[in-house]
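Here's the letter readout for the chains.
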Amino acid sequence: MAAVTIKDVWKYYGKTLAVKELNLEIKKNEFMCLLGPSGCGKSTTLRMLAGLEFISSGDIHFDDVRVNDLPPRERDIAMVFENYALYPHKTVFENLANPLKLRKMSRSEIVERVRRAAEMLEISELLNRKPGELSGGQKQRTAIGRAIVREPKVFLFDEPIAHLDAKLRSHMRGELKHLQRRLETTTVYVTHDQLEGMSMADRIAVMHEGVLQQLGTPSEIYNHPANEFVAGFVGEPPMNFLDVRLERSNEGLSVVHPAFQLTLTDAQRHLLENGNAESDTRIGIRPDNLLIESGDGGSLDIAGSIFVTEPLGGDMLIEANLDAETRVMVKTKIREMGGPGDPCRIGFDIEKLHVFNKETGVAYF
Amino acid sequence: MAADIAHTPDEARRDIARGARTIDYTPNAFNHQPARYYLLWLMLPAIIVLAGISLYPFFWLIYMSLHEVQLAPGKSDIWVGVDNFLRLFSDKKFASGWLTLFKYSALCLSIEVGLGVLVAVILNNSRLEKVLVTIFLMPMMMAPMVAGFLYMFLYNGTFGWYFWLLRSVGVLEGGTILGDRGWAMFAVVATDVWQWTPLIALITLAGLKRVPQDQLEAHMVDGAGEIRNFISVTLPNLYPFLLIAILLRFMDNFRFIDTILIMTGGGPANATKILPTYLFDVSFKFFELGRGAAIAFTLLLLTILLGLVLTKVFEDPARKLKTGGGG
């Protein structure tokens, strides 16, 4: 159990930049998620923590110890790999015992620890099997077991549940989170699935093209994205983005789009004025924060037409045209919405609106 | 509908005419048994050729081993039963031939495998890998006979470079390399090692490329160092490749006598007379073809037996599992 400090870390592969000036402090016992699309540098960062990649420049500390030059075995970490990386010629028991054996633990201690870990992960009855005889979920539990037997300072997870089927994945999300709380071990978890980050992590670090985009709790990341990338990457279905103009009117500051006009709140106006926002901006609104009514007689502001509806059981996703060029995604509780081409009315939950700088993508709010 | 499956286009058309919306149509040709005979006919030429070059000599070998083969024209072979085999039991040269063969083969194999794996590990991922592999392959391309001559000259007691080297360093006190009972064996082993280590290195190199990177990394995270990593992860993954390499080399050692015949002819004082060279002497110097056939037969039998044992010992642990052998 250690705090992890990543300070000014850069990583180059030859001339290719993989991680750029990364600064990250992971607190003791924290569940930190590195989130980003593939190639964003999150796995590279994890591998630098593990000691599997050299650090081009910068420092990584575990508590007060600088670990830059320590080989993996001296870092006291445990890692779960994307493809499980189990030893095919060893039984589940031997797989779990391997890290203990390499640390010269006594036989009785090894047996006891493996027994405890296997019980925790409910794989006790599989101990004599070999990885070839296990299902994906069982392999994954074995890989996690190999990580937890040793009670290391830091857990490193590299997309550990990416290859499981959807149902098992959602089950393992809960289990992993529970396990981490119970073991109270600092954890760094790499994933490209924003759902995993949102549901498990204490804090999320969103990365893109080697650069840390935003660091915050899941709710901060979701409700106050720092820029357009984070806003678009987190949340399913993704946020709607629309190019608009800011215009002053008698009521205050308005967002003007060919299809509609919205008056911003006073608080929002202040934020935009303090940020010296230019008049050409981009707004973002999550599908959950759009309101929709069928027919054209409703009370909502904007008239549109339905492009397609996707019922999901409890919810329904509706893609609606505001005008010839503008289409938005709306998420609503299921109800009869009519079919493609039918008229509808759409409204904005103005409090949940996000405004971004069109050039830099940085969020004003 | 689904009354019966249509086998001909006509039947299919009949079904459509009846108003079938989907057609179960399986052309008869695919159901016909004769397809199997057809394949047999295709393979027959190859089978005949194979039988001609391997089965016929094999049975002829057994025939010869049971007869006293007569070379003079017109005389017919004399049936002697298992006499040729029984005589081998009291043949001291036969026993010492086996012993020398095992010694030679064990020396060659252990040095070649050790060195080959070492070379492969060093070559793997080195910057000069491609260039060096090409260079390393050259000895392998050489005809064994040429290699034999090359080394005979290198060992030569007048102008041989190795001879000069060993004499200068002082390890070889008197006589020549190939003329010394102790040195001759190492000299022929060295030739074999020089020529065939590259093959083992090449096969191992191919194996090294297949070692799963994530297992190596997991093992490092588990707490292993480089050497430990090699022993517990790399080596088990190399098993199937090493098996092939060792099998190939072991069988070659039991068969190839070109270099030894050229360099020492089995001498000095039978120090390098491995069984195949003795077999050569008996059959083609003394022309006792029956006795030679008996020796050849024991050689064949033991080669097959040892091959099977090797396969069993080196069986890929992962594959053993898949075939349901392990628990």
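Just so it is clear, the model here is predicted, and its values are computed rather than measured.

**Focus on the overall build of chain A**
Step number 1: Helices and strands together make up the secondary structure of chain A, namely 9 helices and 20 strands.
Step number 2: Overall, the C-alpha framework of chain A stretches about 80 × 45 × 35 Å when taken along its three principal axes.
Step number 3: For chain A, the proportion of its 365 residues judged to be buried stands at 51%.
Step number 4: For chain A, the proportion of contacts with a sequence separation of at least 24, taken over those separated by at least 6, is 66%.
Step number 5: If you sum the accessible surface of chain A, you get close to 16400 Å²; carbon and sulfur atoms cover 47% of it.
Step number 6: Here chain A contributes 45 positively and 53 negatively charged side chains, and the mean placements of these two sets differ by 10 Å.

**Examining helix α4 (residues 92–123) of chain B**
All names here are of chain B.
Step number 1: Look at α4: 45 Å from first C-alpha to last across 32 residues, which is about the 46 Å you get at 1.5 Å a residue.
Step number 2: Capping the start of α4, D91 holds a side-chain oxygen 2.9 Å from the backbone nitrogen of K93, two or three residues further along.
Step number 3: Where α4 ends, the next residue or the one after it, N125, has phi of about 65°, a positive value.

**Here we look at a nonpolar patch on the surface**
Step number 1: On the surface, Y37, Y38, L39, L40, W41, L42, M43, L44, I47 and I48 of chain B cluster together to form a nonpolar patch covering roughly 1100 Å² of accessible area.
Step number 2: Using a relative accessible area of 56% as the deciding quantity, one classes L42 of chain B as exposed.

**A closer look at the interface of chain B and chain A**
Interface size is commonly expressed as the accessible surface area that is lost when the partners come together.
Step number 1: The partner chain A presents 25 residues to the 18 residues of chain B that form the contact.
Step number 2: Summing both sides of the interface, chain B and chain A together bury roughly 1900 Å²; the carbon and sulfur share of this comes to 61%.
Step number 3: Here chain B is connected to chain A by 1 salt bridge.
Step number 4: Note that E217 of chain B and R47 of chain A form a salt bridge whose closest N and O atoms lie 2.6 Å from each other.
Step number 5: Counting the contacts that link chain B with chain A gives 7 residue pairs in polar contact (both at pLDDT 80 or more).
Step number 6: At the level of secondary structure, the elements contributing two or more residues to the side of chain B that touches chain A comprise α9 (213–222), α10 (226–255) and α14 (317–322) of chain B.

**A short note on the pattern of salt bridges**
Step number 1: According to the stated counting rule, one finds 34 salt bridges over all chains in the structure shown.
Step number 2: Between E112 of chain A and R116 of chain A there is a salt bridge, with its nearest N and O atoms 3.7 Å apart. Taken together, the residues E112 of chain A and R116 of chain A, both in helix α3 (residues 107–121) and 4 residues apart, mark about one turn of the helix.
Step number 3: One salt bridge connects E112 of chain B with R249 of chain B, and the closest N-O pair in it is separated by 3.0 Å.

**Quick look at the domain arrangement of chain B**
Residues and elements named next belong to chain B.
Step number 1: Domain annotation of chain B identifies domain 1 (9–83) and domain 2 (89–322).
Step number 2: Centre-to-centre separation of domain 1 and domain 2, based on C-alpha positions: 38 Å.
Step number 3: Facing the 8 residues of domain 1 at the interface are 8 residues of domain 2.
Step number 4: Where domain 1 abuts domain 2, roughly 650 Å² becomes buried across the two surfaces, and 87% of that area is made up of carbon and sulfur atoms.
Step number 5: For the domain 1 face of the interface with domain 2, the top three residues by lost area are L61, S65 and L71, together amounting to 57%.
Step number 6: Applying the counting rule to domain 1 against domain 2 returns 0 salt bridges.
Step number 7: At the boundary of domain 1 and domain 2, one finds 0 residue pairs in polar contact (both at pLDDT 80 or more).
Step number 8: Across the side of domain 1 that touches domain 2, the residue classes tally to 6 nonpolar, 2 polar and no charged.

**Details of the nonpolar core**
Step number 1: With 64 residues, the main nonpolar core has Y104, L275 and I295 of chain B as its most contacted residues.
Step number 2: Residue contributions to this core peak at 12 residues, all from helix α8 (residues 181–209) of chain B.
Step number 3: When residues of this core are assigned to domains, at least three map to each of domain 1 (9–83) and domain 2 (89–322) of chain B.
Step number 4: With near-sequence residues (within four places) excluded, I295 of chain B lies in contact with L88, F94, L275, Y278, L279 and V282 of chain B.
Step number 5: In terms of nonpolar packing, the next biggest core, distinct from the first, is built from 42 residues, Y84, L86, I110 and L121 of chain A among them.

Conventions used here
Each residue is numbered by its place in its chain's sequence as written, counting from 1. Chains carry letters and ligands carry numbers; both start at the beginning, A for chains and 1 for ligands, and go up in the order they are written. The model is predicted, so local features are restricted to residues of pLDDT at least 70 and side-chain atom pairs to those at 80 or more, both for listing and for counting; the totals for chains, interfaces and linings are taken over all residues. By convention in this description, side-chain values take in all heavy atoms of the structure and omit both hydrogens and water. For helices the rule is a DSSP run of H or I covering at least 4 residues; for strands it is a run of E covering at least 2, with both sets numbered from the N terminus onward. A simple rule labels every residue: compare its accessible area, found with a 1.4 Å probe on the protein chains alone, to the largest value its type can have, and call it buried under 20%, exposed over 50%, or partly exposed in between. A contact between two residues is defined here by any heavy atoms of the two lying within 4.5 Å. All accessible areas in this document rest on Shrake-Rupley with a 1.4 Å probe, and a residue is counted as covered only by the protein chains that are shown. When charges are tallied, Lys and Arg are placed among the positive residues and Asp and Glu among the negative ones, while His and the ends of the chain are skipped. Charge placement uses NZ in Lys and CZ in Arg. For Asp and Glu, CG and CD serve respectively. By definition here, a helix of n residues has an expected span of 1.5 Å times n minus one. Contacts described as polar in this section are N or O atom pairs within 3.5 Å, which, within protein, must combine one atom able to donate a hydrogen with one able to accept it, while residues neighboring in sequence count only if both atoms come from side chains. Like-charged residues are merged into a patch within 9 Å and nonpolar side chains (Val, Leu, Ile, Met, Phe, Trp, Tyr) within 5 Å, provided each residue has over 30% relative accessible area and no salt bridge. One speaks of a salt bridge when a side-chain nitrogen belonging to Lys or Arg is within 4 Å of a carboxyl oxygen belonging to Asp or Glu. Accessible surface is computed with a 1.4 Å probe, and the buried area is the amount of it that two parts give up when combined, taken over both parts together. Segmentation of the chain into domains, including their bounds, is taken from an automatic or database domain assignment. Amino acid classes used here: Ala, Val, Leu, Ile, Met, Phe, Trp, Tyr, Cys and Pro are nonpolar; Asp, Glu, Lys and Arg are charged; the rest, including Gly, are polar. Side-chain atoms within 4.5 Å link the members of a nonpolar core, which is a set of buried Ala, Val, Leu, Ile, Met, Phe, Trp, Tyr and Cys residues.

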